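The primary structure of each chain is shown beneath.
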Amino acid sequence: MHSKEKLPVMVLVGRPNVGKSTLFNRLTGTRDALVADFPGLTRDRQYGYGEYEGRRFIVVDTGGLSPAAGDALAELAEAQAQMALDEADAILFLTDGRAGLSPADQTIARALRKRGRPVQVVVNKSEGLGKEAAAEFFRLGLGDPVLISAEHGQGVEALLEQLLQPFVSQLTAHASRSPDADGTVRVAVIGRPNVGKSTLVNRLLGEERVLAGDQPGTTRDSISVPFRYDGRDYVLVDTAGIRRRARVTEHVEKISVIKSLQAVERAHVVIALVDARDEIGVHDARLLGLVAEFGRGLVLAVNKWDGLDPGFRARVREAVDFKLPFLDFMPVHYISARDGTGLDKLMRDVQAVADASRRELKTPELSRALERMVFEHQPPAIIGRRIKLRYAHPGGRDPITIVIHGNQTEKLPLSYKRYLINEFRKVFKLKGLPLRLTFKTSDNPFKGKKNILTARQQMKRKRMIERRRR
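Everything quoted here is computed from the prediction, not taken from an experiment.

Caption draft 1: Representation of the sheet that holds strand S17 (residues 435-441) within the structure. One open sheet holds the 3 strands; their spatial order is S15-S16-S17, and the pairing between them is mixed. Whereas interior strands pair on both sides, the edge strands pair on one side only; in this sheet they are strand S15 (388-396) and S17. Each strand of the sheet is rotated relative to its neighbour by a mean of 25°, with strand direction disregarded. Looking at chain direction, S15 and strand S16 (residues 400-407) are connected through 7 bridges and run antiparallel. In the sheet register, Pro394 faces S16, and the bridge partner there is Ile402.

Caption draft 2: A look at the sheet that holds strand S2 (residues 46-52). If you walk across this open sheet you meet the 6 strands as S2-S3-S1-S4-S5-S6, and the pairing is mixed. Of all strands in the sheet, those with a lone pairing partner are S2 and strand S6 (146-147), marking the two edges. Of the pairings in the sheet, the one linking strand S5 (residues 119-124) to S6 comprises 2 bridges and is parallel in character. Its bridge partner lying in S6, Val123 is registered against Leu147. Helix H3 (residues 103-113) contacts strand S1 (9-13), strand S4 (90-96) and S5 of the sheet and is inclined by roughly 170° relative to S4.

Caption draft 3: Fine view of the nonpolar core. In this structure, Phe93, Leu298 and Val302 are the most contacted members of the largest nonpolar core, which totals 54 residues. If we ignore the near neighbours within four places in the chain, the residues touching Leu298 are Val270, Ala272, Leu288, Val291, Ala292, Leu327, Phe329, Met330, Pro331, Val353 and Gly432. Counting 51 residues, the second-largest nonpolar core is a separate cluster that includes Leu204, Ala354, Ala356 and Leu437.

Caption draft 4: Examining the packing of helix H6 (residues 197-205) against helix H10 (residues 343-357) more closely. Direction vectors running N to C along H6 and H10 enclose 90°, while the axes themselves pass 12 Å from each other. By the angle class used here, H6 and H10 are roughly perpendicular. Taking contact as the criterion, the partners of Leu200, Arg203 and Leu204 in H6 are, on H10, Leu343, Leu346 and Met347. For the contact of H6 with H10, the per-class residue count stands at 5 nonpolar, no polar and 1 charged.

Each value, and the rule that gives it
Residues numbered from 1 in each chain as written. Predicted model: local features only at pLDDT ≥ 70, side-chain atom pairs only at ≥ 80, totals over all residues. Heavy atoms only, no water. Pairing = 2+ DSSP bridges. Helix = DSSP H or I, 4+ residues; strand = E, 2+ residues; numbered from the N terminus. Axes fitted to C-alpha atoms, helices over the stretch in contact; angles between N-to-C directions. Contact = heavy atoms within 4.5 Å. Core = buried A, V, L, I, M, F, W, Y, C linked by side-chain atoms within 4.5 Å. Buried < 20%, exposed > 50% of the residue type's maximum accessible area, 1.4 Å probe, protein only. Parallel < 35°, antiparallel > 145°, perpendicular 65-115°, else oblique. Nonpolar A, V, L, I, M, F, W, Y, C, P; charged D, E, K, R; others polar.

Okay, here's the thing in structure tokens:
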């Protein structure tokens, strides 16, 4: 995939406890990164999508640099941070404005200068401090420092405006993520190393277009290949699986998550490939969760299904249900990429998910569907007063969002929300697509307002009172 089609990557680095995880949460609008007043809490890379004024980007929170000697976990965290730096379009070097410049900051600055990538020094925890707080950080030799408070959000918008400016042209091209006008469906194949992504792509193409082998990490970058399948046009994207760097990482194989996320951004449908002979791990679940958060259609393919005995197959099916319960909307296929078993059904679902992704939802249709759902299964009563759901309308895409108006909606139980999501997905055939419901409680517009009578109404009211007294 050409570089101009990739989301920019911002990597947060710095010594421990300068607020990297807090800034990560601020940029992504989540609480995914653990935050506490304890140095070195983040041991691994954390990935997320950020958005500012319609412009998307990828944020990577690292475990910090400059580990203490002899701390094996800290050294592993630093190795992961170094991997993230290799993928960065912009490096945010966080420092602590209250603690001031430290020798560790200067050590990190020297290492960053050697990389030749854009670095922005960010002076965090600067709330209540004047511009003079940034003066000593000029000594790092990395340009003008920017003062922010990640915890309170001060200066973060200005920082994003500055960082995203070089990428405006490529980000504008990402505004339309609906299927192409000519019907071409872009499909990203993601998964851990050696699960058979390249083998699957080659089997679908009917030729050895992508290098495949038993060595994990054969694919080093995302590769886009156009092809036709059953009379339809597709572009397949085979993503990188691993980045083996140093000996410390040989025991902890990592997905090249950034490459996968960039491929996901340009895809209409994502095929998540897992190995039936290997356990579904936390990295699989995290990556799939990010795909769902981004609103992409998902199809799960459990590969290497050939030759497994019935008992083992039953355990694999149970593991899929147990490890990925939050992705119950996702079609699951058990395939053999090598032999081609199950690929026809897999591609039929890929096309069904692509068709669902271009479906337009309209307010009248949504409201009628909601009315029928409420009629068939009414919301519960809260303290003798029944929750009422009045109407629904579209609230956005990526993921598809439906806004529902009513009263006491904040008291609607989770089980009823799940019922609504399942019914909407069934009625509008939103197969394989994440769906989000937003509830709004409609207040009485006349509540707290005094009705001021006109002079004529006051005279009429006075006459009525006098008649009652007679």
